[in-house]
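Residue-level structure breakdown
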Amino acid sequence: MSETVQESSPSAAEPQDEAVSETAPEVSNTEALLVQEGDVAGDYLERLLDLLDYDGDIDLDVEAGRAVVSIDGGDDLEKLVGGRGQVLEALQELTRLAVQQDTGVRSRLMLDVAGWRAGRRRELTELGRSTAEGVLESGKEARMRPMTPFERKIIHDAVAVIDGVHSESEGEEPNRKVVVFKS
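Scope of this entry: the structure provided in the associated data block.

A look at the layout of surface pockets
Gaps left between atoms are located by rolling a probe of water-molecule size over the structure's atoms. Roughly 510 Å³ of internal volume is contained in the largest pocket. What lines the largest pocket is a set of 20 residues, among which R66, M110, R117, R121 and F150 lie closest to the centre. Those elements giving two or more residues to the lining of the largest pocket turn out to be β2 (66-72), α2 (86-103), β3 (110-113), α3 (116-138) and α4 (149-160). Take the lining of the largest pocket: its biggest share by element is five residues, from α4. Across the lining of the largest pocket, the residue classes break down as seven nonpolar, three polar and 10 charged. There is about 200 Å³ of room inside the second largest pocket. Lining the second largest pocket, in full, are R84, G85, Q86, E89, R145, P146, M147, T148, E151, E173 and P174. Of the residues assigned to the lining of the second largest pocket, the class counts are three nonpolar, three polar and five charged.

Things to note about the sheet that holds β3
Sheet strands associate in pairs through backbone hydrogen bonding, adopting either a parallel or an antiparallel arrangement. The strand order β1-β2-β3 describes an open sheet built from three strands, whose pairing is mixed. Edge positions in the sheet fall to β1 (57-63) and β3, since each of these pairs with one other strand and no more. Between one strand and the next, the sheet's axes are offset by a mean angle of 20°, whatever the strand orientation.

Conventions and cut-offs
- Residues numbered from 1 in each chain as written.
- Predicted model: local features only at pLDDT ≥ 70, side-chain atom pairs only at ≥ 80, totals over all residues.
- Heavy atoms only, no water.
- 1 Å grid on protein atoms, 1.4 Å probe; cavity = no way out; pocket = protein on both sides within 12 Å on 5 of 7 lines; lining within 4 Å.
- Points joined across faces, edges and corners; volume = space filled by probe spheres on them.
- Helix = DSSP H or I, 4+ residues; strand = E, 2+ residues; numbered from the N terminus.
- Nonpolar A, V, L, I, M, F, W, Y, C, P; charged D, E, K, R; others polar.
- Pairing = 2+ DSSP bridges.
- Axes fitted to C-alpha atoms, helices over the stretch in contact; angles between N-to-C directions.

Right under this line is the structure:
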């Protein structure tokens, strides 16, 4: 399939906003790079699924300045998540490395398999909210179990919307955890 893109050049009578004209190519270049990351990741993951003889539909998207790749639909996909998402984390890192090898740019793409991250996001949002409310009631800080950066970010976001509490991360990987304090 071929695409034709026509660009119109402004006439001398039409004023141009310099800030828009300078940043517009940057935005489209960033968007194009994210789409390219998604395409490379999709190809990499499709080859992996073929090698494993797993069924799955690959969906590519761009959200919040990052490429998002989802694999859904196959019976065997749970194996690509693993216990507490450990296999998914490793697969995401391998996919990021494949993208970096192809594009030359470090990728921040997010990979979800069988809706695991979406479900985990809901669970952690509720956990962050209930923990923050408990700290508000008791006045005592709450230390949570060690979490991945993905999990900690969701907890921090959930705590941030509740007045009277705040959260911080402490410790070293892989034992880094969130602590919720009364403000």
